[in-house]
Amino acid sequence: MLGFLPRFVGLWFVAGGLVALVVDAAKSIAASALTMTPLGAALHTLAPATLLSAQAFVQQDVEPYLGHWIWDPVIQWILLLPTWAVLGFLGFLLTYLGRRRRLRVAYA
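Here's a quick rundown of the structure. (Residues numbered from 1 in each chain as written. Predicted model: local features only at pLDDT ≥ 70, side-chain atom pairs only at ≥ 80, totals over all residues. Heavy atoms only, no water.)

Some details on the overall build of the chain
Where we set the bar: Each helix corresponds to a stretch of at least 4 residues labelled H or I by DSSP, and each strand to a stretch of at least 2 residues labelled E; elements are numbered beginning at the N terminus. Note that the radius of gyration is over C-alpha atoms, with the globule rule given as 2.2 Å times the number of residues to the power 0.38.
Scanning the chain from terminus to terminus reveals five helices and zero strands. Secondary structure elements of the chain, listed N to C terminal, follow the sequence α-α-α-α-α. Taking 13 Å as the expected radius of gyration for a compact globule of 108 residues, we find that the chain reaches 18 Å, considerably beyond that expectation. Counting only C-alpha atoms, the chain reaches 60 × 45 × 20 Å along its principal axes.

This is the structure in structure tokens:
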């Protein structure tokens, strides 16, 4: 029962990654050039206040000195990755973590 939740959320992330991949493919075909939407641009389009509040939380509330080191190189690098890659990776990771494990039959 406990593995259902990560598997369920992971499948939604995989579905979101596939949708983002199709959107990027359609944009690439329309522009006749490879275009990929970064995760930061997608988050800014969907919820701009949430992205700004997350930045303020990490830079000020987590640790005043450590927050700038976490936000600038790490989180900004993740926000520059393509949306489909981040969602697909998170989806496959959660689906793998929530997988059903086989019972090993042990004979004495």
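After that view of the structure, there is still more to cover.
As for the side chain of arginine 7
Put simply, the test is: When accessible area is computed with a 1.4 Å probe and restricted to protein chains, residues below 20% of their type maximum are described as buried, those above 50% as exposed, and intermediate ones as partly exposed. A residue counts as positive if it is Lys or Arg and as negative if it is Asp or Glu; His and the chain ends are not included. We define a salt bridge as a contact between a side-chain nitrogen of Lys or Arg and a carboxyl oxygen of Asp or Glu at a distance within 4 Å. Throughout, a residue-residue contact means that at least one pair of heavy atoms, one from each residue, lies within 4.5 Å.
By secondary structure assignment, the location of arginine 7 is in helix 1 (residues 4–31). One buried charged side chain, arginine 7, makes no salt bridge at all; its nearest oppositely charged neighbour is aspartate 24, positioned 27 Å away. The residues touching arginine 7, leaving out its near neighbours within four places in the chain, are Leu94, Thr95, Gly98, Arg99 and Arg100.

Brief notes about the packing of aromatic side chains
Note the cut-off: Aromatic contacts are taken between Phe, Tyr and Trp rings whose centres are within 6.5 Å, Trp giving its six-membered ring; a plane angle under 30 degrees counts as stacked, one over 60 as edge-to-face, and the others as tilted. Any Lys NZ or Arg CZ found within 6 Å of a ring centre and within 35 degrees of that ring's normal is scored as a charge over the ring.
Here the structure, examined in full by the defined rule, presents two aromatic pairs. The interplanar angle of 25° and the centroid separation of 5.6 Å between the aromatic rings of phenylalanine 4 and phenylalanine 8 together place this pair among those described as stacked. Of this pair, phenylalanine 4 and phenylalanine 8 both sit in helix 1, four residues apart, roughly one helical turn. What makes phenylalanine 4 partly exposed here is its relative accessible area of 45%. Given a relative accessible area of 42%, phenylalanine 8 falls into the partly exposed group. Between phenylalanine 8 and tryptophan 12 the ring centres are 6.2 Å apart and the planes differ by 75°, which places this aromatic pair in the edge-to-face class. Here tryptophan 12 and phenylalanine 8 lie together in helix 1, a separation of four residues that amounts to about one turn. Each member of the aromatic cluster is reached from another via a ring pair, and the members are Phe4, Phe8 and Trp12. The residue whose ring lies beneath arginine 99 is tyrosine 96, and the NZ or CZ to ring-centre distance is 4.1 Å.

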